[in-house]
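# An overview of the molecular structure
Single-letter residue listing:
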Amino acid sequence: MSHGGSTNTYLIKQGLYSIMGLIVFFITFMLKVRLFKSARIRAILLFITLGSLILLLARAILNPSSRINGASAWFNLGFISFQPLELAKITLILYLAYILTSRKSSLLENDKLFDSLKVIREPVITILAIIIFVACQPDIGGAAILGLITIVLISSSSIPFSHIVKLDGSLMAAFVAGILWIAKFQPSFIVKNYQYQRILAMFHPFKLERTSGNQLVNSFYAISNGGIFGVGLGNSIQKRGYLPEPHTDFILAIISEELGLVGVFIVLGLLSLVIFRLLYLGIKSANTYNVLVYYGVAIMLFAQTAFNVGGLLGLLPLTGVTLPFISYGGSSLLILSFSLGIVLNLEATDKFITEKHR
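Residues numbered from 1 in each chain as written. Predicted model: local features only at pLDDT ≥ 70, side-chain atom pairs only at ≥ 80, totals over all residues. Heavy atoms only, no water.

## Points about the overall build of the protein chain
Secondary structure summary: the protein chain contains 15 helices and two strands in total. The C-alpha radius of gyration computed for the protein chain amounts to 21 Å, which stays within 12% of the reference 21 Å derived for 358 residues, consistent with globular compactness. Considering only C-alpha atoms, the protein chain reaches an extent of 60 × 50 × 40 Å along its principal axes. Looking at the protein chain residue by residue over its 358 residues, the buried ones come to 44%. Of the contacts made within the protein chain by residues no fewer than 6 positions apart, 67% connect residues no fewer than 24 positions apart. Within the structure as shown, the protein chain displays about 18,900 Å² of accessible surface, and the carbon and sulfur contribution to it stands at 69%. Taking the 27 positively charged and 15 negatively charged side chains of the protein chain as two groups, their mean positions are separated by 4 Å. (Helix = DSSP H or I, 4+ residues; strand = E, 2+ residues; numbered from the N terminus. Rg over C-alpha atoms; globule rule 2.2 N^0.38 Å. Buried < 20%, exposed > 50% of the residue type's maximum accessible area, 1.4 Å probe, protein only. Contact = heavy atoms within 4.5 Å. Areas by Shrake-Rupley, 256 points an atom, 1.4 Å probe, with all protein chains shown as cover. Lys, Arg positive; Asp, Glu negative; His and termini not counted. Charge placed at Lys NZ, Arg CZ, Asp CG, Glu CD.)

Below you can see the structure in the form of structure tokens.
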């Protein structure tokens, strides 16, 4: 540790979280598939997700000092810090997968995009509320991941392809228009925001090294120090007080410094293997609900990885998104274990049904 305390603290805690994650994974794998589609389970997950996000926002307004690094995103439960965003990801996937599957025939019948969207109007409003609450923490990276999951699942549903092209094209045009508007008019309420400063740091990291570019510059130093084979496990210089949050947001930069590009390629290769396996399962499955869950978990892992790697390389603004399975964090690891438990449960069900019909 760079700020005192036992050097084994994070190792011990993450080890305990890993054991808890394995237990959650095993229990989830053994559950009946119908539980994931249960209206009561969906209602409970939505209630906990929305309720916790509303409580976070209320706490931030009533007690601004509760914010950590400018954001109100965690509840300290003593043995673990609970981040509602992590629960929101899998809740959104299960909720959308069920809604889009149950309304499959209605989505296919409509000839107009607006009519198709009307079929899923209420669920989309609920999801938008979750995304807005996450953005208000503020957590733009988390909100972007939830938005991306939503777009991918809707695009993978039974909505006619022509409607998907129109929808995705409209969203992309609106996004580009918003960026151009900010760049031209530079409204003060955005320019003074620290997220905007992170965007500037992405383009001018060394110019802003003493302010918003500090993290990115030290990330570059860590990657540069590591080279191809690294300086050796435990020998990182940047984690000793230079690079903030070396065990969470910038864990891959430290891996690069200690184990070099070889270590980075191994980590990213393993994550890619999981993501491609999920996509393969989605392509192979004939069950619409299962397909959407596979794709949802795949895009969740991909988006988190892309945001994290893009941020430490200066290709994307820093968003505070952690690297799946690698970064320190209990709630993230537990939700990822829960998600993969669901995936393997659905895969086992798919295999059983396939073999039964042979």
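## Thoughts on the environment of serine 156
Following the sequence through the fold, serine 156 ends up in the loop between helix H8 (140–155) and helix H9 (161–185). As for serine 156 and leucine 200, which are separated by 44 residues in sequence, their C-alpha atoms are 35 Å apart. Excluding its chain neighbours within four sequence positions, the residues that come into contact with serine 156 are Leu292 and Tyr295. At 2.8 Å, the side chain of serine 156 and the backbone oxygen of valine 152 are in polar contact. (Polar contact = N/O pair within 3.5 Å; in protein donor to acceptor, adjacent residues only side chain to side chain.)

## Comments concerning the packing of helix H4 (residues 84–102) against helix H7 (residues 121–135)
Two numbers describe how H4 lies on H7: the axes approach to 11 Å, and their chain directions differ by 170°. Taken together, the axes of H4 and H7 lie roughly antiparallel to each other. Packed against H4, whose contacting residues are Leu85, Ala88, Leu92, Tyr95, Leu96 and Ile99, the element H7 presents Pro123, Thr126, Ile127, Ile130 and Val134 at the interface. Of the residues belonging to the contact of H4 with H7, the class tally is 10 nonpolar, one polar and no charged. (Axes fitted to C-alpha atoms, helices over the stretch in contact; angles between N-to-C directions. Parallel < 35°, antiparallel > 145°, perpendicular 65-115°, else oblique. Nonpolar A, V, L, I, M, F, W, Y, C, P; charged D, E, K, R; others polar.)

## Notes on the pattern of salt bridges
Scanning all chains against the criterion turns up four salt bridges. Here glutamate 258 and lysine 239 are joined by a salt bridge, their closest N and O atoms 2.9 Å apart. Placement of glutamate 258 in helix H13 (residues 251–284) and of lysine 239 in the loop between helix H12 (214–226) and H13 is noted, with a sequence separation of 19 residues between them. You can call glutamate 258 buried: its relative accessible area is 7%. Residue lysine 239 is classed as partly exposed on the basis of its relative accessible area of 26%. Of the charged contacts, one joins arginine 277 and glutamate 347 as a salt bridge, the two residues approaching to 2.7 Å between their closest N and O atoms. In this pair, arginine 277 sits in helix H13 while glutamate 347 sits in helix H15 (residues 330–356), placing the two residues 70 residues apart along the sequence. For glutamate 347, a relative accessible area of 10% corresponds to the buried category. (Salt bridge = Lys/Arg side-chain N within 4 Å of Asp/Glu carboxyl O.)

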